[in-house]
Structures are given as structure tokens and as C-alpha cells.
Amino acid sequence: MTQTRNLIDENGKRTDGRTTDELREIRITAGVVKNADGSAFIEFGMNKIVVAVYGPREVHPKHMALTDRCVLRCRYHMSPFSTDTRKNPAPSRREVEISKVMREALEPTLMLEDYPRAAIDVYVEVLQADGGSRCAGITAASVALADAGISMRDIVSACAAGKVDDKIVLDINDTEDKEGGADMPLAYMPHLEKVTLLQLDGILTEEEFNKCLDKAIKGCIMVYEVQRQALMQKYFGNESELREEQ
Amino acid sequence: MSSSKRSTVIVEHLRRQQMWESISRGKRLDGRNLDETRVIEIEPGVIKKANGSARVKLGNSEVVAGVKVETGEPFEGLENKGALILSAEVLPIASPYVEPGPPDEETIELARVVDRGIRESEMLDLNKLVLKPGEIVYVIFVDCSVVNADGNLFDTTSYAVVSALINSKMPVFEIRDGKVVDTGQKVDPPITTLPVSVTAVRIGESLILDPNAEEEACMDARITITTNSDRCFTAVQKGSTGAFTVDQLRRAAETAKIKGDEIRTKLRELTNVGR
Amino acid sequence: MQEIRRKYVVPGDRIIDGNFRPLFNVIKAGNSIIATRVGIAEAGREGVKVIPLSGIYIPRVNDVVIGKITDHSSLSWEVDINSCFSAHLPAQDVFGRDFSPARDDMGSQLTIGDLITARIIAFDRSRDPMLTVQDKDLGKVPRGEFIKISATRVPRLIGKRGSMIQTIEQSTRTRILIGQNGIIVVTGKDSDGIKLAVRAIRLVEEEAHTANLTQRVKSLLGVSDPSRQEPSPIPKPQNVQKNDELQSSIQGVEEELKEEVEEGERT
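Residues numbered from 1 in each chain as written. Chains lettered and ligands numbered in written order. Predicted model: local features only at pLDDT ≥ 70, side-chain atom pairs only at ≥ 80, totals over all residues.

(A) Region of the structure containing the domain arrangement of chain C. Segmentation of chain C into domains returns domain 1 (4–52), domain 2 (64–140) and domain 3 (145–262). Just the C-alpha atoms count here: the centres of domain 1 of chain C and domain 2 of chain C sit 37 Å apart. (Domains from an automatic or database assignment.)

(B) Up close: the interface of chain A and chain C. On the chain C side, the residues contacting the 33 residues of chain A number 26 residues. Put simply, the parts of the chain that give the side of chain A that touches chain C at least two residues each are β3 (47–58), α2 (133–147), α4 (206–236) and α5 (239–242) of chain A. Here the side of chain A that touches chain C takes 5 residues from α4 of chain A, the largest share from any one element. Here the side of chain A that touches chain C is built from residues that sort into 14 nonpolar, 8 polar and 11 charged. (Contact = placed C-beta atoms within 7 Å. Helix = DSSP H or I, 4+ residues; strand = E, 2+ residues; numbered from the N terminus. Nonpolar A, V, L, I, M, F, W, Y, C, P; charged D, E, K, R; others polar.)

(C) Quick peek at the sheet that holds β3 of chain A. Residues and elements named next belong to chain A. On the basis of which strands lie adjacent, the open sheet formed by 5 strands has the order β1-β2-β3-β5-β4 and mixed pairing. Both outer strands of the open sheet, β1 (26–30) and β4 (71–78), are each paired with one neighbouring strand and no more. For this sheet, the mean angle separating the axes of adjacent strands, direction not counted, is 15°. Here strand β2 (residues 38–44) runs beside β3; their pairing, made up of 7 bridges, is antiparallel. Opposite Glu43, over in β3, you have Lys48 as the bridge partner. The sheet strands contacting α4 are β1 and β2, and the helix crosses β1 at an angle near 30°. (Pairing = 2+ DSSP bridges. Axes fitted to C-alpha atoms, helices over the stretch in contact; angles between N-to-C directions.)

(D) Structural context of the packing of helix α2 (residues 105–120) of chain B against helix α3 (residues 153–167) of chain B. Residue and element names in this part refer to chain B. Two elements in contact, α2 and α3, have axes whose closest approach is 10 Å; the angle formed by their N-to-C orientations is 50°. One way to sum up the angle between α2 and α3 is to call them oblique. Both α2 and α3 take part in a crossing whose hand is right-handed. Along the contact surface, α2 presents Leu110, Val113, Val114, Gly117 and Ile118, while α3 presents Leu153, Phe154, Thr157, Ser158 and Val161. Looking at the contact of α2 with α3, its residues break down into 7 nonpolar, 3 polar and no charged. (Parallel < 35°, antiparallel > 145°, perpendicular 65-115°, else oblique. Left-handed = near helix turned anticlockwise from the far one by under 90°.)

(E) Structural context of the interface of chain B and chain C. Listed per partner, the contact involves 8 residues of chain B and 11 residues of chain C. Here the residues of the side of chain B that touches chain C sort into 3 nonpolar, 2 polar and 3 charged.

(F) Main features of the pairing of strand β11 (residues 221–227) of chain B. Residue and element names in this part refer to chain B. Within β11, 6 of the 7 residues are buried, leaving the element largely enclosed by the surrounding structure. Across 7 bridges, the pairing between strand β9 (residues 196–203) and β11 is antiparallel. Each bridged residue has a counterpart across the sheet, and for Val198 the counterpart in β11 is Ile225. Pairing analysis gives 6 bridges linking β11 to strand β12 (residues 233–239), with the strands arranged antiparallel. Bridge pairing in β12 links Thr227 to Phe233. Hairpin connection of β11 to β12: 5 residues between the antiparallel strands, including Arg231 at a positive phi of 60°. (Buried ≥ 20, exposed ≤ 12 C-beta atoms within 10 Å, placed from the backbone.)

(G) Looking closely at the sheet that holds β11 of chain B. Residue and element names in this part refer to chain B. Taken in spatial order, the 4 strands of this open sheet run β10-β9-β11-β12, and their pairing is antiparallel. Each end of this open sheet is capped by a strand with a single partner; those strands are β10 (206–209) and β12. For this sheet, the mean angle separating the axes of adjacent strands, direction not counted, is 20°. By the bridge criterion, 4 bridges tie β9 to β10 in an arrangement that is antiparallel. Counted as the bridge partner of Arg202 is Leu207 from β10. Sheet strands in contact with α3 are β9 and β11, and its direction is about 175° off that of β9.

(H) Representation of the packing of helix α3 (residues 163–172) of chain C against helix α5 (residues 213–221) of chain C in the model. All names here are of chain C. One can describe the packing of α3 onto α5 by two numbers: an axis separation of 10 Å at closest approach and a directional angle of 10°. Taken together, α3 and α5 sit at an angle that is classed as roughly parallel. Residue-level inspection shows Met164, Thr167, Ile168, Ser171 and Thr172 of α3 in contact with α5, the latter providing Thr214, Val217, Lys218 and Leu221.

(I) Molecular detail of the nonpolar core. Core analysis: the biggest nonpolar cluster contains 205 residues, and Ala40, Val51, Leu106, Leu145 and Ala158 of chain A together with Val161 of chain B have the highest contact counts within it. What Val51 of chain A contacts, discounting residues up to four positions off in sequence, is Ser39, Ala40, Val122, Tyr123, Val124, Gly137, Ala140, Ala141 and Ala144 of chain A. (Core = buried A, V, L, I, M, F, W, Y, C linked by C-beta atoms within 7 Å.)

(J) Spatial organisation of helix α1 (residues 13–24) of chain B. End to end, α1 of chain B covers 16 Å across 12 residues, agreeing with the expected 16 Å (1.5 Å per residue, within 8%). Of the residues making up α1 of chain B, those classed as buried are His13, Arg15 and Met19 of chain B. The arc that holds the buried residues of α1 of chain B, viewed along the axis, is 165°, so those residues lie on one side. Away from the buried face of α1 of chain B by more than 90 degrees, exposed residues Glu21 and Ser24 of chain B are located. Buried residues along α1 of chain B sit against β14 (145–148) of chain C. Following α1 of chain B by one or two positions, Gly26 of chain B adopts a phi angle in the positive range, close to 85°. (Expected span 1.5 Å × (residues − 1). Arc of directions from axis to C-beta.)

In C-alpha cells:
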């Protein structure tokens with residue numbers, strides 16, 4: 001996509017007032033869906049996404065079970081009122097693709113061999129979409145999986161970087177997504193330092209590509225702090241400050 | 001085709017016994033009286049991108065409804081009325097018993113019963129939502145996503161739809177040079193009445209209001225009754241495989257009228273509107 | 001040697017570096033031991049572990065669980081044990097080796113919706129858990145108030161040598177059947193006592209990770225609290241039936257406290 005108008009003004013401010021290295025506001029709450037084994041609600045910019053995890057649980061139909069490990073199922077779905085124009089509730093091809101890359105972003109971190117013949121279902125429901133919903137969804141899904149007590153090697157944090165007005169910026173918003181030069185969503189395991197999701201839409205030189213990669217990873221590390229805080233808040237409340245001892 | 005199914009939720013005998021004993025003493029397991037509804041929480045305007053929205057909690061049952069206003073062709077036979085299209089989805093996040101996929105008969109029944117209550121009461125004056133008679137009308141989409149299922153989705157979804165519509169600001173369209181154009185103005189929707197649905201279930205010989213999931217799993221029969229602001233009945237649906245005596249139905253209808261008024265006041269209060 | 005007593009961790013957190021033995025809910029990554037669950041980490045001479053604060057019940061052989069009959073085939077009952085696997089109770093376990101589906105009516109013993117206390121006698125990666133009700137105090141649960149808590153809180157509810165659960169039982173005059181899978185049944189003559197016991201159980205469930213919980217439970221129950229807590233002696237098996245159930249749950253915890261060090265992987 002080639003840009004048609006300026007999205008960053010003379011003062012370096014973007015369409016929503018942020019600088020090139022600023023994340024939108026993030027809020028994550030763990031444990032919001034009472035019936036689920038684990039859940040999280042994320043507000044990331046205007047994204048409002050709720051994720052529920054059911055599992056490990058029995059596989060239905062039985063023949064879908066794997067003998068040596070758990071089946072991971074992931075569904076990304078947008079409510080009809082979540083987008084500017086009403087969306088038909090039936091799954092679109094975009095939702096099907098995003099469900100797949102989400103599952104592939106989360107699977108490397110989960111210790112699925114601990115739960116043979118069972119299934120873990122991750123349902124990501126977008127109530128309001130605002131650019132970067134897949135990254136917000138993965139971020140919340142990781143918190144929901146930890147909330148469900150599923151064994152994992154690391155948390156997965158996700159964030160997108162992109163090119164706007166020939167500058168590499170962090171965390172693209174909806175307008176920048178639609179009108180900017182490139183969009184690179186990325187998911188990252190902050191302790192293991194590995195990338196589990198990477199996509200690109202747009203045109204980048206090699207130098208721009210590398211800058212984008214670095215910037216997105218920096219964003220993921222910032223996102224991780226909010227994820228960690230959400231879990232600490234739910235499980236340890238005000239004690240997280242007092243009780244950590246060596 | 002609809003077939004009998006084995007119950008998805010099997011309630012322990014001990015628990016069922018506890019429930020019967022408690023109900024026979026006039027109280028439910030969660031401490032409520034037989035005719036007491038759970039606490040209603042409403043967060044209007046939760047989805048800023050929609051023309052109107054509301055998140056409603058009835059106890060732990062939770063539904064988010066969003067209103068989107070567009071333009072399009074009128075329904076056949078209703079050329080001089082705006083079109084109202086209501087849908088509901090019980091999301092797989094809502095319960096361990098829901099699988100992703102096309103709506104099952106329970107979900108379709110839910111959407112249609114809620115729709116009936118809104119449509120038959122003429123909550124929206126659809127005559128005022130016409131741009132070019134017979135050709136272009138306002139199309140109001142109300143979509144509901146059930147986020148957590150803990151019984152009585154009929155009432156929870158109904159209150160979410162009503163709250164979302166009350167909360168809406170409708171765009172004003174015009175036809176200029178043969179094209180439909182958004183003038184940028186916003187108006188309140190043409191609301192004439194507030195339909196309120198009240199659901200009760202029969203457990204043994206007792207009628208209990210606003211069942212939670214566990215009570216629904218133990219019910220013999222269910223009745224949902226919708227009344228409007230004039231205390232007239234606009235929609236009724238009996239559900240589940242048991243039966244009611246005529247006397248029980250009359251009692252249920254009377255309760256629906258009285259409770260309907262109470263809840264109507266609450267809905268107005270919680271969405272800050274004086275209609 | 002370095003020791004860690006109560007460190008709050010989330011998955012991916014580094015607990016400690018060095019040549020420590022990974023016990024459960026941790027993995028070794030290079031020179032570090034990493035947490036794999038949300039919980040409380042402890043490290044010492046015996047190794048490093050994380051006591052999890054969430055997660056469903058994963059069956060273990062010899063656990064005593066409380067399950068619900070959900071279905072039956074001609075040869076066994078299907079039992080919901082609040083886990084990701086359904087368990088089976090063979091009809092032969094109840095009727096004896098000469099069980100014949102033609103002659104013996106399974107419904108005469110157990111029907112759908114019944115609760116049973118059972119022990120897991122077999123479970124591995126290739127098959128569903130198998131139960132027995134043949135031991136003392138196992139079998140159908142005839143009455144009582146039914147509660148479900150997170151299975152991760154059961155050890156805390158039982159307490160060291162059963163101290164926590166005994167405190168609750170004695171001060172509310174109830175008998176509390178606890179399954180390792182988080183299912184609990186409370187019986188007693190006095191309905192107020194039962195209600196109080198349920199409140200105490202909920203309190204433990206919510207605050208299992210905090211210190212001084214015992215004091216708060218005692219004050220809820222209206223029990224005077226000497227500053228030093230003396231664990232009550234464990235009742236001997238030949239006593240009243242009540243103690244045997246307690247015994248089997250206490251046994252579970254004691255074995256746990258010992259085995260915590262020896263077991264490789266623990267849920």
C-alpha cells in the first residue's frame with residue numbers, strides 16, 4: 001500500500017497524538033469470565049477483546065484426540081458490532097487465517113505433552129476492533145492460559161510495528177493500518193527471546209525491515225509488563241509488593 | 001428437525017435434593033426468595049464504534065448488545081417500514097457446553113423470542129425510519145453476544161437489546177442526487193414503549209423467577225412473558241419438556257406484569273433515560 | 001546454600017540460578033530454573049518447585065476423589081471427577097467378579113447423578129482413570145451439602161497433618177469429606193454449623209496463598225487462638241467411621257508432603 005496523505009504532523013505527533021515510540025493505552029484484567037477455566041479482558045487502544053480458555057478438557061469427537069499430547073484449538077471471532085460497518089457473524093476468511101496464526105503463536109510456549117488425549121480451547125472474542133486486534137488477542141490469550149493453570153515455558157506478548165510517513169513506528173492504530181506503508185504484527189516470548197508470530201503487509205527495505213523487527217520486540221517487552229501485572233494483581237493482590245522475598 | 005437430547009448438565013442428586021428442600025422452605029440455594037431476580041448491572045455505551053450498545057449482567061449471565069444503523073431495502077410486504085434485524089449468538093467463551101459453529105436450536109429460539117418481544121411491542125416506530133418508501137429504508141441491526149451463560153439468557157439478552165436501543169444515537173440519512181448520504185446529524189431513536197421480558201421456571205410445584213444455570217438444569221418447564229409500558233402482553237414462550245396448569249400460567253402472567261414494571265423502572269434508571 | 005521461601009511467580013519467571021533439582025511446575029533452562037505456572041515458588045536443598053494457584057485437577061493414582069455418575073455402559077459407570085478425563089468404575093468392582101449384565105442391574109446400585117467417594121487405582125498417559133470403591137469408607141455419598149473448590153487449594157484446606165480441616169470440623173460439629181479433585185461434601189446435625197463450615201472452606205479457598213490464614217479461619221469460627229498452633233494427634237483407624245475418611249485424606253496430604261520432594265511432576 002502506498003500512502004496518500006501525511007499521518008504524522010510537524011511535531012512528530014501521530015493521528016492519535018502519540019510519538020513514534022509510544023504504545024496505546026493497555027489494560028488487562030484476568031479472570032473475567034466466570035464459567036471459563038481461565039480468561040482475560042484486554043483494552044488496547046479502542047480494542048476490546050475478551051478471551052476465555054477451557055481446558056485441558058475432554059476431546060469431542062474422541063477421534064480428534066492425539067495420543068501423545070494435547071490438542072490446541074484457537075478461534076478468533078469478531079462480534080457483528082465490533083467494526084465500523086456491521087460484520088456478518090459467520091466466520092470470514094480473515095478470521096480463519098488469524099485463528100491459525102494465533103494458534104501457531106501460542107503453541108510453542110505451551111507444554112502440550114503434559115496433557116495427552118485432552119484439548120485446550122482458546123476463544124478470542126473481539127467486541128470492538130481498532131487495528132492490532134490479533135496482537136491484542138494473543139496478549140490476552142496468553143494471560144488467560146496462565147490463568148487457567150496450563151503449564152507453559154514462557155508468556156507470549158504481541159505487538160505490531162509499521163511504517164508511516166516513511167518512519168518506523170510502534171503499535172499501529174486503525175487509521176495507520178488502513179492508510180500507512182506497512183504493518184508488521186509480531187508475537188514474542190520475552191524470557192526465551194523467541195518470535196512465535198511474524199507477518200508483514202506492505203513494502204519495506206531490508207533496513208526498514210530490521211528496524212521494524214526491533215521496534216516490535218521492544219513493544220512486546222512493554223506489553224509483557226502489563227500481562228505480568230494483571231496476573232500478579234489477580235492472584236496476589238496488594239501482596240505482590242510486600243511478600244516477594246529471597 | 002428437533003430431537004430429545006440427553007442433558008448437557010447433570011446435576012448431582014444431593015444438590016437437587018438441597019434445591020428442592022430449600023425451595024419448599026421458600027428460599028433458593030443462592031439465598032434468593034422464589035420471586036426475586038438477581039442484581040441487574042448495565043453499562044451503556046460500552047462499544048463506542050456502534051451507534052448504541054450496552055453490556056448487561058443479570059447475576060453472572062452477561063450479554064453485550066450492539067446497534068448498527070445502515071440503509072437498505074425494506075422487507076417484502078413491509079415497504080413503508082424500516083427494517084429491524086435482531087441476532088443473538090451464545091459465544092463459546094460463555095460456557096463449557098457451547099461449541100463454535102452455526103447456531104443450534106436453543107440459540108435460534110433465544111434470538112427469535114427476544115426479537116418477538118421487541119418487534120411485537122413496536123418498541124421502535126419503524127414508520128419513522130423510511131427514506132424512500134418501497135425502496136430505501138433505515139436498517140437497524142441489533143446483535144447480541146452472550147459472554148457468560150448462567151441461566152435466563154432470555155431476560156438478560158432482552159434487557160441488553162432494550163438498553164442498547166435506548167442508548168443509541170441514530171445517524172440521519174438523506175437522499176442527494178440519487179445517493180444515500182449521512183448528514184452527520186444524530187437523533188434519538190423513535191422509541192414508543194419499553195418491552196420487558198420476565199422468565200420463570202417451574203421446579204416441582206413452585207414457580208421461581210430468573211433461574212440461574214443450576215436451576216434451569218433442574219427445571220420441569222419454563223415460561224417467558226414480555227409486557228410493554230402499558231402492561232399489555234406482547235410475547236410469550238413456553239419452553240422445556242414439562243407442562244403448566246392454567247392456574248400456574250395465570251399466576252406467572254400476573255407476576256410478569258408486576259415484575260415487568262419494577263424492572264422497567266430499573267432499566268430506565270440504569271440507562272439514565274426518562275421514557 | 002541459597003534458599004527461597006515464598007516467591008510469587010508467573011510462567012517464564014526465573015526462580016533461581018544454579019545446580020538445583022527441578023521438582024514440579026518448573027523447568028531447567030540453561031543455568032536457571034523457570035516457573036511454568038502461576039503460583040508460589042520455593043527453592044531449597046531438596047530442589048525447586050512451584051505450588052500452583054490455578055489449574056484443573058489432573059488425576060493421580062491413589063488419590064481419593066469424589067465423583068458424579070454421568071452415564072454407564074453395560075460393563076462400567078462413567079464418572080465425572082472434575083478433571084479433563086472421565087473416569088470409569090467397573091461394574092465388577094461393585095458386584096464382584098461374577099458380574100453379569102444380564103442378571104445384575106447396574107441401576108440398582110448407582111444411578112446417574114449419584115456421588116461416590118472412590119480411589120483412583122489406575123491412570124496413565126494412554127487411558128482414562130479407573131476407580132474402585134472397594135476400600136473402607138468409599139462408596140455412594142448418601143447425603144450432605146455439596147461444594148466445589150479449585151483442586152489446587154485442597155492441600156491448604158486439609159492443612160499440615162489435617163490441622164486446618166480438623167479445626168473447621170471440630171468447631172462447627174460437622175464431618176467434611178474432601179476429594180483431592182476439589183469436590184467436598186459437608187454433613188452435620190446443625191444447619192448453622194454446616195453454613196459456617198462452608199464459609200470457612202470458601203475463606204481458605206480464596207486466601208490459600210496468604211500467610212496467617214489459620215488465624216483468620218479461627219477468628220471466623222470463633223475459636224480462641226493460642227499463639228502457637230499445636231497440631232491435633234491423628235486419630236487411629238479403629239475409631240469412629242468419620243476418622244477413617246479423614247485418615248484417608250490426611251494420608252494423602254502426608255504422603256504429598258513427603259512425596260513432594262520425590263515426585264517428578266506434580267499438578
